[in-house]
Structure formats: structure tokens, C-alpha cells
Amino acid sequence: RIGSDAFVFIVNAENPVSDITTDQARGIYSGRIRNWKELGGKDVPIAAIHRNEGSGSQTALIKFMGDEQVVSDYTALFGSPIGISFRYYVTGMLGEGKVKILSLNGIEPTPKTIKDGSYPVSGGVFAVYRKGEKNLNVYKAVDFMLSPDGQKIVEKSGYIPVHS
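In this report, the structure presented in the accompanying data block is examined. (Residues numbered from 1 in each chain as written. Predicted model: local features only at pLDDT ≥ 70, side-chain atom pairs only at ≥ 80, totals over all residues. Heavy atoms only, no water.)

Side note on the overall build of the protein
Each helix and strand in the protein was counted, giving 6 helices and 8 strands. Along the chain direction, N to C, the helices and strands of the protein fall in the order β-β-α-β-α-β-α-β-β-α-β-α-α-β. Taking all 164 residues of the protein together, the buried fraction comes to 39%. Pairs at least 24 apart in sequence give 67% of the contacts found in the protein among residues at least 6 apart. For the protein, the computed accessible surface area is about 9,700 Å², with 54% contributed by carbon and sulfur atoms. Within the protein, the 17 negative side-chain charges are centred at a point lying 6 Å from the centre of the 19 positive side-chain charges. (Helix = DSSP H or I, 4+ residues; strand = E, 2+ residues; numbered from the N terminus. Buried < 20%, exposed > 50% of the residue type's maximum accessible area, 1.4 Å probe, protein only. Contact = heavy atoms within 4.5 Å. Areas by Shrake-Rupley, 256 points an atom, 1.4 Å probe, with all protein chains shown as cover. Lys, Arg positive; Asp, Glu negative; His and termini not counted. Charge placed at Lys NZ, Arg CZ, Asp CG, Glu CD.)

Points about helix 6 (residues 148–156)
Residues of helix 6 that are buried include every one of G150, Q151 and V154, and no others. Across the axial projection of helix 6, the buried residues extend over an arc of 100 degrees, all falling on one side. Every exposed residue of helix 6 that faces more than 90 degrees away from the buried side is listed here: P148 and K156. Just past helix 6, the residue G158 takes up positive phi, approximately 105 degrees. (Arc of directions from axis to C-beta.)

Looking at the pattern of salt bridges
Per the stated rule, a full pass over the model turns up 5 salt bridges. Linking K112 and D116 is a salt bridge whose minimum nitrogen-to-oxygen distance equals 3.3 Å. Residues joined in a network through salt bridges with shared partners are D23, R32 and E68. (Salt bridge = Lys/Arg side-chain N within 4 Å of Asp/Glu carboxyl O.)

Digging into unusual backbone geometry
Notably, N105 is not glycine yet its phi reads approximately 55 degrees, a positive angle. By the secondary structure assignment, N105 is in the loop between strand 6 (103–104) and helix 4 (111–115). Note on N105: relative accessible area 38%, which makes it partly exposed.

Some words on the packing of helix 1 (residues 22–30) against helix 2 (residues 56–65)
Their axes nearest at 10 Å, the elements helix 1 and helix 2 cross at an angle of 115 degrees. In this structure, helix 1 crosses over helix 2, and the sense of that crossing is left-handed. Here T22, A25, R26, Y29 and S30 of helix 1 come into contact with helix 2, specifically with L61, F64 and M65. Here the residues of the contact of helix 1 with helix 2 sort into 5 nonpolar, 2 polar and 1 charged. (Axes fitted to C-alpha atoms, helices over the stretch in contact; angles between N-to-C directions. Left-handed = near helix turned anticlockwise from the far one by under 90°. Nonpolar A, V, L, I, M, F, W, Y, C, P; charged D, E, K, R; others polar.)

Shown next as C-alpha cells:
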């Protein structure tokens, strides 16, 4: 493990909804919840946007959904969207002020909550290599990624370092 990241839900910055529960997120993507008014927002359909199968964020969404099926409702595209991504990717968009990350169960995906695991959908970023790897440069690279300089690069990349 060289870092951490979080799976996040994003909306337009002007959407009044700032927090949803994990069950509500599953309800949105399963089609059980179809309007923002059900979540304390405006009376506008929810456009639950997701990626194509095989993408990292779509794989994370399917895992997050558990036994519930992801439903695509293209009629909702005329509504107000909710999207999915990983925090490291979204943080670059936040500076433009057009999107915001929703908190889940009242917990924002901050470096602290991701690192301590209290944000409900967080996980590790790993350096992966074969068991018994004989190329010593692989181990040197991993050691560097875990060094103070390497962890600064992990952080500048948008991930949460394992060592502060």
C-alpha cells in the first residue's frame, strides 16, 4: 500500500443536496430514488451518470452496489446529474467551482477520513509486483514510493499518502 483514495459522488456545485447516505446512493443508481426532492433537493429528476463496463469507476460502483443492479435511465438526462469518480480525479475539477463532492453518511471524503477509514467508500492504492520478483529495482521503486519524497509525489498526484 502506497496511498489511499475514495470513491465519491459528485453533483453540480449549485445543487442544494450536500450529503446522502450510502443507502440513498444505492437507491439512486438502482432507480429506487429518481428525484432530488426525495433527498431534500429541488423537484428535478436525478440523472444518475455512470461509466461504461470495465472502467475503474464503474467497477467500483458495481462493488459498492452489492446485490443491487445498476439501472440506466436515459430519460433522466434532462434532470440534474449525479456522477461517480475517484477523489484524486475530482479534486482537479473542484478548483473550477462547477462540481462538489457529496458527503456520505455525514462524512466528507477528506484526507483524514480516507486515511482513518471512516469515509464509507475508501481503499488503498497499491504498488503491485509478482511474488518472488527477482528484479531488485522493483523493490527499490516501492521503497522510494514509501519514502518521504515518494509520499510527497503520491500526495501531489491527488492520493492520500500512507505516511505523512
